[in-house]
Structures are given as structure tokens and as C-alpha cells.
Amino acid sequence: MALAAFGPRLAASEAKARVVVVGGGIGGATVAKYLAATAPTIKVTLVEPKPHYTTCFFSNLYLVGLRSFESLSHGYETLAQRYGINVIHDSVAAIDPVAKTVGLKSGRKLPYDRVAVAPGIAFKYDALAGYDEAATQVIPHAWNAGPQTKLLRQQLESMEDGGVFVLVAPPNPFRCPPAPYERASLVACYFKQYKPHSRILILDAKDSFNSQDLFLDAWERHYRGMIEWLPAQFTGGIKAIDVRERSIKTATETFKAAVANVIPPQMAGQFAQQIGLADQSGWCPIDPVTFESKLQPGIHVVGDATSAGDMPKSAFVANSQAKACAFAIAGALTGSERLPPHLFNMCYTFLAPDDAVSNAISFEPAAGTIKIDHSFVSQVQESAETRRRAAHEAEGWYDTFTHDTFG
């Protein structure tokens, strides 16, 4: 959605409404930027505890040495300096919808007219016997980019040739549906070059997965015999994790790993759970036009935490939802023209360094939820040149996308 889609800029002389945005990931940063850039009568405050955000997308490339960690990190300086956003590095303790204040852990209270939150995801540790937050220091999930990603890379580098890398893939829904299988593909690429006698075993909580035909085709072409995928109907599902032994127990067999990567089942972030934004599904129901919570009026929710119909949980979706949300908030606070949202997903997935696939999907609000309108997905029969071009385009996509959010 272009900036111009928000309509004429608002008169700077009007009294400033106040919007507090909680969470500086893709969704939160985009809400803050697009509100500040298009509605100068709104005072925008962004609350985020960390000084930098590290993107989960493209972190699989870092994992196998194809990209630097620094290239995935983005600060908030431009949002503050160019767009005048008040960036506060603190954690939110509570939101009082009656007093309309956001309480920070430092004790400070921020008054607001509207508040938008981007809580991200949390892990259901109680769903996997033997695996908890402490266990992630031995068996990382690496599903929030940062120290966990670095730990998994160190373990892969230290692994002896001939070992088995066991990846536990989560049940639906979860953040970035193709990512576990992209990870397996790129780890296989790394093994092929540096540890050619090693293997990858995927223990899946599901019986099928996103873009399965594309991955199975790529594994046969690039990594024949290196990757084995076992669906839930074959194993009976994951029953327990033995952290000390680095083994994963299923209903039929126990698998010993040289390196294990367990991606737990997921739900909306803990903050969303604490303030009553999530329902029994564990996710946050929202109005499909304004992204206002259906459970807490006046609080908008964007990104992975939402229950948003056909929209997957991806960074580009969070960015698209955030723009629609910013437009709705501007309309509610200033009376500016309201237009129906245009919602999109666009992302690339690497199968090998010079072999990438893409998808582009448009969505529209319909019947109280969000439905797919049109879609494009790469096909198995594509030429090597098409795949090389997609891999090249992916690098430009990353730069453009992160600039749109943080630049």
C-alpha cells in the first residue's frame, strides 16, 4: 500500500491525537512509520525493549554461512529522526483500556487515544514433554532470530561429519509455514559442501506441509538421499524430548540426534495472552478491515499473533496488516477518508543458494474474515534460470522490504 493511499496529509495545526504502538517487529514498526508519515496530527510512540530487530526471514541463510548476522539487524534511528516517532526502549507491563494508558515496567504511563500491539508469537512448551525454555540452551528452536540462531549455527559447525541433524517441525498454525523446510534445504546444502556424510531427519507434527511438491522436487535434485521427512501418520507424533540424550521420542521409535532443532507449537505472544487479546485458540481475533481486537475494543492487533482467516503468519503479511491498521486508526482519529484495505503476502524461499521459489497472494475481507483473492506460486517445472533469477530477486526483495519497514 503506497503512502498516497492514505489520502491528503492532515493539517498540522490540529491538536495531536496519541497512538502508542507496542512491539518493534515488522508489524509494530510498520504501523508506527505509516501513521507518522501520513498523519502529522497524530503523535506516535513506539515501545520496544530491544535496540535492534533481527529478522527471522533470511535467518536460515545466516545459519549456513550465506549471510552475515549484522545484515539481518535493523535499528529504529530512522523512524525517530526522519518520521519523528518517539521510540522508547522499555517493556510494557499493562494496558488500562479504561484510563487509556500503557504502563511500562519502568513505572512510566503513556496516555493514548488508540493503541496498536504486535505481540508476535510465544511457544507452547507444555505441549512437548521434556522441552522447556531452559532446554532451548541445549536444543535450540532458533525460531526467534538472535542468540538462538547463533547457537544452532555453532552446533552445526561443531557437528562431526556423519551425524544426524533432527528437525522437529511444529503443527499448524505457526510463523512462516515454509521456513522449517527451507532450513532443512539449506542445512543440506551446507552438509553437501562441508559434512557430506551427514543426514537430515525431519520429524513432522503434520502429514503434509506448505509447498511440499516444490521441496520434495528440490531435495531429489539437489540433495538425493540426504533428507528424510517423516510425517505424523508414520511416527504417531512427537511424544517427548530427552535433552540430556539429545533424542526425540515418537509413538513408534526414538531418534538420536547429533544436533537437534525443536520448533515448538506456537500461540500469540505472552503479552496478548495476559491482557485478554487471545481467545481459546491461542490467537487474537480481529476485525478484518481495521485490525481492531474483537475482544478488547480500542486495541488493534497486527502480525503473527492475529487470527486472520487465510492470511499466513509471515513478515510480509504483518507489514500489510500494519498498513491497513494504520489507515484505519488515522481514519478513526482524524475523520480522514476510509478506503477498503488491500492485503498482500509476497515472499521468497531458498531451496539452494541459486534456486529460490516465490509466492504472491492478495487477500480481501469477506464474511467477517479474510479470504484469498488471487495467488501466484512457483511451479515444479520452472527452469534453472527462472530459479536463479528468483534467488537474485529475493536479495532485492529483502532490502526493499526492510527499508519499507525501518528506513
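Overview of the structure. (Residues numbered from 1 in each chain as written. Predicted model: local features only at pLDDT ≥ 70, side-chain atom pairs only at ≥ 80, totals over all residues. Heavy atoms only, no water.)

### Describing the overall build of the chain
How we decide: A run of H or I in DSSP counts as a helix once it spans at least four residues, and a run of E counts as a strand once it spans at least two, with each numbered from the N terminus. The globule rule used for comparison is 2.2 Å times the number of residues to the exponent 0.38, while the radius of gyration itself is calculated over C-alpha atoms. For every residue, the accessible area (1.4 Å probe, protein chains only) is compared with the maximum for its type, and the residue is labelled buried under 20%, exposed over 50%, or partly exposed between those bounds. Every accessible area reported is derived by Shrake-Rupley at a probe size of 1.4 Å, with residue values counting cover from the shown protein chains alone.
The number of helices and strands found in the chain is ten helices and 24 strands. A compact globule built from 407 residues should have a C-alpha radius of gyration of about 22 Å, and the chain, at 22 Å, falls within 12% of that. Its C-alpha atoms give the chain principal-axis dimensions of roughly 70 × 45 × 40 Å. When the 407 residues of the chain are sorted by exposure, 57% land in the buried category. When the accessible surface of the chain is split by element, carbon and sulfur atoms take 51% of a total near 17,000 Å².

### Re the sheet that holds strand β16 (residues 254-256)
This is how the line gets drawn: Any two strands with at least two DSSP bridges between them are considered paired. Angles run from 0 to 180 degrees between N-to-C directions of axes, and those axes are lines fitted to C-alpha atoms, restricted for helices to the stretch in contact.
Taken in spatial order, the three strands of this open sheet run β14-β15-β16, and their pairing is antiparallel. Here the strands that pair on one side only, and so sit at the sheet edges, are β14 (238-242) and β16. With direction set aside, neighbouring strand axes in the sheet form an average angle of 20 degrees. The sheet contact formed by β14 and strand β15 (residues 247-250) spans four bridges and is antiparallel. Bridged to Asp-242 within β15 is Ser-247.

### Considerations on the packing of helix α9 (residues 315-334) against helix α10 (residues 384-406)
Under the convention used in this document: Crossing chirality is assigned from the near helix's rotation relative to the far helix, an anticlockwise turn below a right angle marking it left-handed and a clockwise turn marking it right-handed. When checking whether two residues touch, look at their non-hydrogen atoms; a contact exists if any pair is within 4.5 Å. Each residue is assigned to one of three groups, with Ala, Val, Leu, Ile, Met, Phe, Trp, Tyr, Cys and Pro labelled nonpolar, Asp, Glu, Lys and Arg labelled charged, and all others, Gly among them, labelled polar.
Taken N-terminus to C-terminus, the directions of α9 and α10 make an angle of 35 degrees; their axes are 11 Å apart at the nearest point. As α9 packs across α10, the resulting crossing turns out to be left-handed. From α9, Ala-315, Phe-316, Asn-319 and Lys-323 reach across to α10, where they touch Trp-397, Phe-401, Asp-404 and Thr-405. Taken together, the residues that form the contact of α9 with α10 break down as four nonpolar, two polar and two charged.

### Here's the deal with the pairing of strand β1 (residues 17-22)
Put simply, the rule reads: Note on handedness: a crossover is taken as right-handed if, strands pointing away from the viewer, the path from the first strand over the helix to the second is clockwise.
Of all six residues in β1, five are buried; the element is thus mostly enclosed. Where the polypeptide runs from β1 across helix α1 (residues 26-38) and back to strand β2 (residues 42-47), its parallel neighbour, the crossover connection is right-handed. As defined by bridge partners, β1 adjoins strand β9 (residues 114-117) across four bridges and the pair is classed as parallel. Among the inter-strand pairings, Val-19 is bridged to a residue of β9, identified as Arg-114.

### Quick word on the packing of aromatic side chains
For clarity, the threshold we go by: Any pair of Phe, Tyr and Trp rings, taking the six-membered ring for Trp, is counted once the centres come within 6.5 Å. Such a pair is stacked with planes under 30 degrees apart, edge-to-face with planes over 60 apart, and tilted for the rest.
Scanning the model with the defined rule gives 23 aromatic pairs in all. For the pair Phe-58 and Phe-350, a centre-to-centre distance of 5.8 Å together with 85 degrees between the ring planes defines the contact as edge-to-face. Note that Phe-58 is positioned in the loop between β3 (52-54) and α2 (59-63) and Phe-350 in strand β22 (residues 343-352), a separation of 292 residues in sequence. Exposure class is identical for Phe-58 and Phe-350. Each is buried. Seen in terms of ring centroids, Tyr-190 and Phe-191 are 6.1 Å apart; in terms of plane orientation they differ by 45 degrees. Their pairing is tilted. Phe-191 shares its class with Tyr-190; the two are buried.

### Examining the side chain of Thr-349
With respect to the element layout, Thr-349 can be found in strand β22. Classification of Thr-349 as buried rests on a relative accessible area of 6%.

### Quick notes on the sheet that holds β22
Reading across from one edge, β22-β23-β24 is the order of the three strands in this open sheet, with antiparallel pairing throughout. The sheet is open, and its two borders are formed by β22 and β24 (369-377), each paired with just one other strand. Between one strand axis and the next, the sheet turns through 25 degrees on average, direction left out of account. Pairing between β22 and strand β23 (residues 355-366): nine bridges, direction antiparallel. Bridging across to β23, Phe-350 finds its partner in Ala-356.

### Things to note about unusual backbone geometry
For the bond from Asn-172 to Pro-173, the omega torsion is -10 degrees, close enough to zero to count as cis. Tracing the backbone through its elements, the reader meets Pro-173 in the loop between β11 (164-169) and α5 (179-194). Backbone geometry at Phe-58 places phi at a positive 75 degrees, although glycine is not the residue there. At Arg-246, a position not held by glycine, the phi torsion is positive, near 50 degrees. Counting through the fold element by element, Arg-246 comes out in the loop between β14 and β15. For Arg-246, a relative accessible area of 25% puts it in the partly exposed group.

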